[in-house]
Amino acid sequence: MTMVATTPLRRSGRDVAVPALDAGAGRRAAHTEPAWVRLVIIGFAIAFLTVFVGLPLILVFSEALSKGIAFYLSALADSEALAAIQLTLIAAGISVGLNLVFGVIAAWAIAKFDFPGKTLLITLIDLPFSVSPVISGLVFVLLFGAQGWFGPWLMAHGVQILFAVPAIVLATTFVTFPFVARELIPLMQEQGQQEEEAAISLGAGGWTTFWRVTLPNIKWGLLYGVLLCNARAMGEFGAVSVVSGHIRGETNTMPLLVEILYNEYQMVAAFAVASLLALLALVTLIAKTVLEGRIEQGLQHHDH
Amino acid sequence: MTIEVRNIVKQFGSFRALDNVDLRVETGELMALLGPSGSGKTTLLRIIAGLDWPDSGSVAFDGEDALARGAAERHVGFVFQHYALFRHMSVFENVAFGLRVQPRKIRKTEVEIKKRVGDLLDLVQLGWLADRYPSQLSGGQRQRIALARALAIEPRILLLDEPFGALDAKVRKELRAWLRNLHEEIHVTSIFVTHDQEEALEVANRVVVMDRGKIEQIGSPGDVYEHPASAFVHSFIGESIVLPVDVQGGTVRLGERRLDLVAPASASGPSKLFVRRHDVTVGPSGSGVFEGAVKAVRAFGPMQRADVVLSNGHGDTLIEIDAPRDHSLKVGDRVGLQPQRYRIFADA
């Protein structure tokens, strides 16, 4: 072969003279504050977090367990509690599934193509973030309620949406719509479409390219979006409260049940259900931290 | 495989990226598309690859309509400026990708794929990196892997978009020679895009000079350098002394001074005179078409470079000339300058 030998990466940085580090010895670096200032600031931050975040969390669990573990478990095994847990899981499951598909499609469209109305679409995706959840719920009442646009037609055909599971799923889906798309759009924009173009020029079809190139590149971001979407879906109160109708054992999700139990002075039961939501929050928090590290790594792999 | 591009027009909004481009590439050629940014060279390459579509015109491979096929069916190897390696796959899997996505009936067995990828990695001399990930490679290594990946599908045509644009100067030089040698070995019809004239002239056997969506000249590296077809090509390739002249009835004037030069019939009115610096002979006053006074002399290597103020009718024009080291030049000397070769193009 008649090729010019290209030497592998040479690490020549070792013998470069290192600038003297002791030039400013004895003086503090300009950005370092005196010790007492640092202590006060850090102390304040810790105290604030303890009072406003840590204490309530501990309180939830201590209240829930105040009458013993047996009482705690029986409160959770109550049929209304079980129904609420089941409904919450169903609503979150469906809305996360829908938003996963919508989110990937929307992010794909926005990041990879130029089309008229793109800005409008981005704004629309953000709408659920900027509208109060109560208003979101009311919109569904206006659409599907007895006096709403579709209400009379739906009633005539015996379809129950409002004050039933479908409305709860719809409201939850609406409120949690932005999470997946919002997470993916910047990620996909940053990654560009060159890897997809490379895959296509190598003979891969659209599906193959999506499964083998696009999806692996966005998987951590996607998981992150799903995680936040799920946390919000399970914890959503306002929008669901408006459309649920609060039928006991039927249309109460966990957050709604917590409120009802609390209003009926069933403190331990209320906190028992709340403790599950708090646990969900903690798991989400940990998973989120792990995923953020992964996404960071994924982007570093991209450096060129 | 020949490539025949005809009447290609591509518009991005109000910007005309390609304006009626015709181009024919012969089998086994290594052709360079050279031009400044925005000249349309990358757009043309992407249209040939099937990554972009022209508004009108045709592209044919060996006489067969290429626009009827998508990028995936064109069998074109494409190398991107920023490599576009699949970041979640090892080097081996990157190169194997094109083989793994082939239709089931013609797909190679795992053993065959292993063999082929191994051969390709040997070809780019990076077999020892098979298990690494793209992020662990240097820029030059990534680009060679990208090339191996493009070659895996045994492309009929190889297209390279600014292949060395993101690399530092030393690696660029190495890869240039390497690419030329590789092409001699595999001989696949290849087009590469560059804005670096040295790269184009050194690597390609034919150069296409583009500007503002049009082809200015097609020719061998020697041709485009020695016989530039337009003012743009002359100023874009190689360094030139450029003087604004006026041509009336075949008489060339620089300001008030009449120059004993021959203008082509096509030049009339305000024009530009182009001379390569090394085509100017320096002699005593009165020995050349131009008269001037030496303003400064800088000596380096075998040459010396001098700033000379030309005396013409109105105002002074400063030009830079080269002279052999042994030629005595002092600040303040009056010199005569004779262009041995020159070109005159009418202002557009």
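Here the structure is shown first, and the text comes after it.
Now for a description of the structure that goes with this document. Please read all numbers here as calculations on a predicted model, not as lab measurements.

## A closer look at the overall build of chain B
Part 1: What chain B contains, in helices and strands, is eight helices and 20 strands.
Part 2: Each principal axis of the C-alpha distribution contributes one length, and for chain B these read about 80 × 45 × 30 Å.
Part 3: By sequence separation, contacts in chain B at least 24 residues apart represent 65% of the contacts at least 6 residues apart.
Part 4: When the accessible surface of chain B is summed, it comes to about 14,900 Å², and 50% of that surface belongs to carbon and sulfur atoms.
Part 5: A gap of 3 Å separates the mean positions of the 44 positive and 45 negative side-chain charges of chain B.

## Some details on the nonpolar core
In summary, soluble globular proteins display a tendency toward joint burial of nonpolar side chains.
Part 1: The biggest cluster of nonpolar side chains holds 48 residues, and the ones touching the most others in it are V95(B), V117(B), L121(B), I145(B), L147(B), L158(B) and V209(B).
Part 2: Here the element with the most residues in this core is helix α4 (residues 139-151) of chain B; it accounts for six residues.
Part 3: Grouped together as the second largest cluster of nonpolar side chains are 41 residues, V213(A), M31(B), L51(B) and I153(B) included.

## Overview of the sheet that holds strand β5 (residues 64-65) of chain B
All names here are of chain B.
Part 1: Read from one edge to the other, the open sheet built from four strands follows the order β2-β1-β4-β5, with strand pairing classed as antiparallel. The strands lining the two open edges of the sheet, one partner per strand, are β2 (15-25) and β5.
Part 2: Summarising the sheet, strand β4 (residues 56-61) and β5 pair through two bridges and their orientation is antiparallel. Within the sheet, the bridge partner assigned to F61 lies in β5 and is E64.

## Some points on the packing of aromatic side chains
Residues and elements named next belong to chain A.
Part 1: What the rule picks out here adds up to 15 aromatic pairs over all chains.
Part 2: Here the aromatic rings of F140 and F144 are separated by 6.3 Å at their centres, their planes lie at 15°, and the arrangement is stacked. One end of the pair is F140 and the other is F144, both in helix α5 (residues 133-144) and four residues apart, which spans about a single turn.
Part 3: You can call F140 buried: its relative accessible area is 10%.
Part 4: Plain terms: the ring middles of F210 and W211 are 5.6 Å apart, the flat faces sit at 75° to each other, and that makes the pair edge-to-face.

## Things to note about unusual backbone geometry
Part 1: Despite not being glycine, F163(A) shows a phi value in the positive range, around 60°.
Part 2: Along the chain, F163(A) falls in the loop between α6 (151-156) and α7 (165-175).
Part 3: F163(A) gets classed as partly exposed once you look at its relative accessible area, which sits at 39%.
Part 4: The backbone phi angle of N7(B) is positive, close to 50°, even though this residue is not glycine.
Part 5: The topology assignment puts N7(B) in strand β1 (residues 3-12).
Part 6: When its relative accessible area of 39% is taken as the criterion, N7(B) is described as partly exposed.

## Considering the interface of chain A and chain B
Part 1: Contacts between chain A and chain B engage 29 residues on the former and 38 residues on the latter.
Part 2: Where chain A abuts chain B, roughly 3,100 Å² becomes buried across the two surfaces, and 57% of that area is made up of carbon and sulfur atoms.
Part 3: Where chain A packs against chain B, one counts two salt bridges.
Part 4: Note that R46(B) and E197(A) form a salt bridge whose closest N and O atoms lie 2.6 Å from each other.

## Some remarks on the pairing of strand β17 (residues 303-311) of chain B
Residues and elements named next belong to chain B.
Part 1: Counting buried positions along β17 yields seven of nine residues, so the element is predominantly enclosed.
Part 2: Bridging between strand β16 (residues 290-300) and β17 involves eight bridges; their strand directions are antiparallel. When the bridges of β17 are listed, A293 appears paired with V309.
Part 3: Hairpin connection of β16 to β17: two residues between the antiparallel strands, including G301 at a positive phi of 60°.

## Some details on the environment of F236(B)
Part 1: Tracing the chain through its elements places F236(B) in helix α8 (residues 231-236).
Part 2: Taking the C-alpha atoms as reference points, F236(B) and D211(B), 25 residues apart in sequence, are found 9.7 Å from one another.

## Points about the packing of helix α4 (residues 118-130) of chain A against helix α8 (residues 178-191) of chain A
All names here are of chain A.
Part 1: The geometry of α4 relative to α8 is characterised by a closest axis approach of 9 Å and an angle of 130° between their N-to-C directions. One element, α4, and the other, α8, form an angle in the oblique class. In the packing of α4 onto α8, the handedness of the crossing is left-handed. Here I122, I125, D126, P128 and F129 of α4 lie close against α8, whose contacting residues are P178, F179, A181, R182 and I185.
Part 2: Partitioned by chemical class, the residues of the contact of α4 with α8 number eight nonpolar, no polar and two charged.

## Points about helix α5 (residues 169-186) of chain B
All names here are of chain B.
Part 1: The end-to-end C-alpha distance of α5, which contains 18 residues, comes to 26 Å, matching closely the 26 Å that a straight helix rising 1.5 Å per residue would cover.
Part 2: Turning to α5, its buried residues number three or more, namely R172, E174, L175, R176, A177, W178, L179, N181, L182 and H183.
Part 3: Positive phi appears at H187, one or two residues downstream of α5, with a value of about 55°.

## Focus: a nonpolar patch on the surface
Part 1: A surface patch of nonpolar side chains, about 920 Å² in accessible area, is lined by F44(A), F48(A), L49(A), V51(A), F52(A), V53(A), L55(A), I58(A) and L59(A).
Part 2: A relative accessible area of 56% means that F52(A) is categorised as exposed.

Parameters and conventions
Residues numbered from 1 in each chain as written. Chains lettered and ligands numbered in written order. Predicted model: local features only at pLDDT ≥ 70, side-chain atom pairs only at ≥ 80, totals over all residues. Heavy atoms only, no water. Helix = DSSP H or I, 4+ residues; strand = E, 2+ residues; numbered from the N terminus. Contact = heavy atoms within 4.5 Å. Areas by Shrake-Rupley, 256 points an atom, 1.4 Å probe, with all protein chains shown as cover. Lys, Arg positive; Asp, Glu negative; His and termini not counted. Charge placed at Lys NZ, Arg CZ, Asp CG, Glu CD. Core = buried A, V, L, I, M, F, W, Y, C linked by side-chain atoms within 4.5 Å. Buried < 20%, exposed > 50% of the residue type's maximum accessible area, 1.4 Å probe, protein only. Pairing = 2+ DSSP bridges. Phe/Tyr/Trp six-rings, centres within 6.5 Å; stacked < 30°, edge-to-face > 60°. Buried area = accessible area lost by both parts, 1.4 Å probe. Salt bridge = Lys/Arg side-chain N within 4 Å of Asp/Glu carboxyl O. Axes fitted to C-alpha atoms, helices over the stretch in contact; angles between N-to-C directions. Parallel < 35°, antiparallel > 145°, perpendicular 65-115°, else oblique. Left-handed = near helix turned anticlockwise from the far one by under 90°. Nonpolar A, V, L, I, M, F, W, Y, C, P; charged D, E, K, R; others polar. Expected span 1.5 Å × (residues − 1). Patch = residues over 30% accessible without salt bridge, like charges linked within 9 Å, V, L, I, M, F, W, Y side chains within 5 Å.

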